[in-house]
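Architecture at a glance
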Amino acid sequence: MHAAELREQSLMRASLANTLRGRMWALALVLGGCSGSDTGDTATMSSTNDDTAASTTDEAPTTGVPTSTDPTSGTTTTGPDTTGPDTTGTDTTATDTTTTTGGTETTEGVETTTETTSESTTTTTGDTDTTTETTGGDTIVKVQIVAFNDFHGNLEPPAGSSGKIKLPDATSVDAGGAAFLASHVAALREQNPNTIVVSAGDLIGASPLVSALFHDEPTIELMNQIGLDYNAVGNHEFDDGAAELVRMQEGGCHPVDGCADGTPFAGAEFQFLAANVIVEADPLETLFPSYALRTVEGVQIAFIGLTLEATGKIVSPGGIVGLTFADEVERVNALVPELQDQGVEAIVVLIHEGGLQGATFDECQGISGPIVDIVNGLDEAVDVVVSGHTHQAYNCVIADKIVTSAASFGRVLTDIDLEISAATGDVTAATAANVVVTRDAADPVIQAFVAMYKQLSAPLANEQIGTITATLEQYPSGDEPGMSTMGAVLADAYLDATAPALLGGAQLAFMNPGGVRNSLHFPASGDEPADGIVTYGEAFSVQPFGNNLVVLTLTGAQIDALLEQQFIEGVEPYILHVSQGFTYSYSESAPIGAKVDPASIEIDGVAIDPAGEYRVATIGYLADGGDGFTVFIGGTDRVGGVTDMQALKDYFAAHSPVSPPALDRVTALP
């Protein structure tokens, strides 16, 4: 991840890091944002107001009051309306006990613990909203869950369309950025001291350079400061393998690069959850605890965390050897009786799988995708499902369960308010609202923290590596699947880096569309003096995974079979980006397995021979069969190459200014 380049100046930068960190914590103490507690939110500035701008048309709901009469927009009542008048004028003591899972106690083979990690007492008086109500002889405990997903290490405010949220009036508002996220979390926390902060996966991985250069340690530290409680693992948590993910939880310096910022890494103060990431089947053992229990004012809430079952197909196989990703519904439903045996009736599922909907960020119009079938299959005892993965924002009720997702990159938070019966432990009412993380009030402590890492990464991030004549687009033009100009340039760069005989002798190159994470924009950004400049940081945002290139031999018949793997019944075609000189056509109406015309597959205008052998370059992820392209696994005579980032940097050095290439390499026929 190029951390070694920074280590050459480690003394200077370690000094800078320590100085800035010292200033950061001093600032927190001066401003009253550092309480010294071990709940993980010690550097979060408190605020008494929700600083979501009025222009977002989004208001945080009053606790326990439905925000919509539409039954599909995040309001559900799971029992009779027990809302009574708030108890005011008297002290109400709220005890919040966190029981995190991990340790040695085994229940039905799932490794859990009952270690109490924190206990805090909050008293509210006078006309401040209380956290309990008394009605009909029962006490109703009010709990707030603040949720987000797919943060992907976006410490800085994301740029371009990735940093905007579309509003109901069809305008867009700038959103996201760690300092703004922290302010919004703090503002929501002020509404109810019984606040639990959760994430539905992809907290790290595919991150911008400012986090990725330091192996995403800054993002973990940020979440410690914000006060994240639980994170369900997502597929990108496994980008650098399971062992590295365990280090994120437990701490310690990177085994190769050490602590690149010159300071120790203590690991996550929050708990990773992984109910369906199986290490051993008998007795059942999961990579991280399956669930965590949180006791709030005497009522218990369970948080079950899962990644999508397909994780094993979309991460590098080498990093997950020995792991099995189990069916999401089966794992949740197997845990429900175990939880109920412990007296738990309030159950929240954090799952890194999602859906799509057709309206704006706080609506639920035509929800579709895997999350629908998953939720419909869950035990009726599940009350709330916090989802992710698709980078969509929605606020739904499916099968009488609140189902939410908060876009991506910290642009949206979901405010979920539960009312729980102290007598039965059941959720009696629940509301949810998606809140835009507007950029109108930055937490100064977090802002200083991000600025520290930005300064540490600046020498590499700001290095100019080339120029472009127009924007290289991440996605294909139009709505049809196909190649993009950015993807084509990456494939060309990989071929350039591996074509020399001593570097593999590649004749063609492939790149997966999911690995293209950003566009390269032509207009100048930041302090760039002119349009068209490409910096290392910008190029890194396009392909942040640090894959090494691999050259291998495939026969013509294998290449044909590889191209057929782009088409799966009932799934939109997943068209690989191919290098210049490689062309073929496919028929949209042909049956699966016979989409590609073998006679159309050509290299430099010459049809390939099914029995012939060809040298093919790709990234290590695909070479290991990632994204379901298992044909690569059968390749022979493998030769390793430079990193994908080095290949792109060298390509810009040799070919700048780079223009968007013609997208005539793959032809779709009726």
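Because the structure is a prediction, the values reported are computed rather than measured. (Residues numbered from 1 in each chain as written. Predicted model: local features only at pLDDT ≥ 70, side-chain atom pairs only at ≥ 80, totals over all residues. Heavy atoms only, no water.)

**Comments concerning the overall build of the chain**
Rules: Working definition: helices are DSSP H or I runs of at least four residues, strands are E runs of at least two. Numbering for both runs from the N terminus. Each residue's exposure class comes from its accessible area (1.4 Å probe, protein chains only) as a fraction of the maximum for that residue type: buried when under 20%, exposed when over 50%, partly exposed otherwise. We get accessible surface area from the Shrake-Rupley algorithm with a probe of 1.4 Å; when it comes to residues, only the shown protein chains can shield them.
Counting secondary structure elements, the chain contains 15 helices and 34 strands. The buried share of the chain, taken over its 670 residues, is 56%. When the accessible surface of the chain is totalled, it reaches about 25,200 Å², and 51% of it is carbon and sulfur.

**Focus on the sheet that holds strand β32 (residues 613–619)**
Put simply, the rule is: Two strands are counted as paired when DSSP detects at least two bridges linking them. Contacts are assigned to residue pairs with any non-hydrogen atoms lying within 4.5 Å of each other. In this analysis, axes come from line fits to C-alpha atoms, helices being fitted only over the stretch in contact, and the angle between any two N-to-C directions falls in the range 0 to 180 degrees.
Across the sheet, which stays open at both edges, the five strands sit in the order β28-β25-β32-β27-β33 with mixed pairing between neighbours. Either end of the sheet is taken by a strand with one partner, and the two such strands are β28 (577–578) and β33 (636–643). Bridge count for strand β27 (residues 548–555) against β33 is four bridges, and the pairing is antiparallel. For Val-550, the partnering residue across the bridge sits in β33 and is Gly-640. Strand contacts of helix α11 (residues 485–498): β25 (508–511), β27, β28, β32 and β33, with the helix running at about 135° to β25, the strand carrying the most contacts. Sitting on the sheet, helix α15 (residues 644–655) touches β27, β32 and β33, and the angle it makes with β33 is about 65°.

**Re empty space enclosed by the protein**
Let me state the cut-off plainly: Cavity: a set of points on a 1 Å grid over the protein atoms alone where a 1.4 Å probe fits but cannot get out. Pocket: an open set with protein on both sides within 12 Å along at least five of seven lines, its lining residues, like those of a cavity, having an atom within 4 Å of a point. Grid points are joined across faces, edges and corners, and a volume is the space filled by probe spheres set on the points. In this classification, Asp, Glu, Lys and Arg are treated as charged, Ala, Val, Leu, Ile, Met, Phe, Trp, Tyr, Cys and Pro as nonpolar, and every other residue, Gly included, as polar.
In this structure the tally under the stated criterion is two cavities of 30 Å³ or more. If you add up the space inside the largest cavity, you get close to 180 Å³. Lining the largest cavity are 17 residues, with Gly-205, Asp-216, His-236, Asp-239 and Asp-240 sitting closest to its centre. Ranked by residues supplied to the lining of the largest cavity, first place goes to helix α6 (residues 242–250) with three residues. Its residues placed into classes, the lining of the largest cavity shows eight nonpolar, four polar and five charged.

**Let's talk about the confidence of the model for the chain**
Worth spelling out the cut-off: pLDDT measures how confident the predictor is about each residue, on a scale from 0 to 100.
Summary statistics for the chain give a mean pLDDT of 84 and a share of 80% for residues scoring 70 or more. Here residues 77–94 is a poorly scored stretch, pLDDT under 50, and it has 45 contacts once near neighbours within four places are set aside; other chains count. Counting interchain partners and residues more than four positions distant, the pLDDT-below-50 stretch residues 100–129 has 84 contacts.

**Some words on the environment of Asp-560**
Position of Asp-560 among the secondary structure elements: in helix α13 (residues 556–564). With a relative accessible area of 19%, Asp-560 lands in the buried category. Linking Asp-560 and Ala-599, residues 39 residues apart in sequence, is a C-alpha distance of 9.7 Å.

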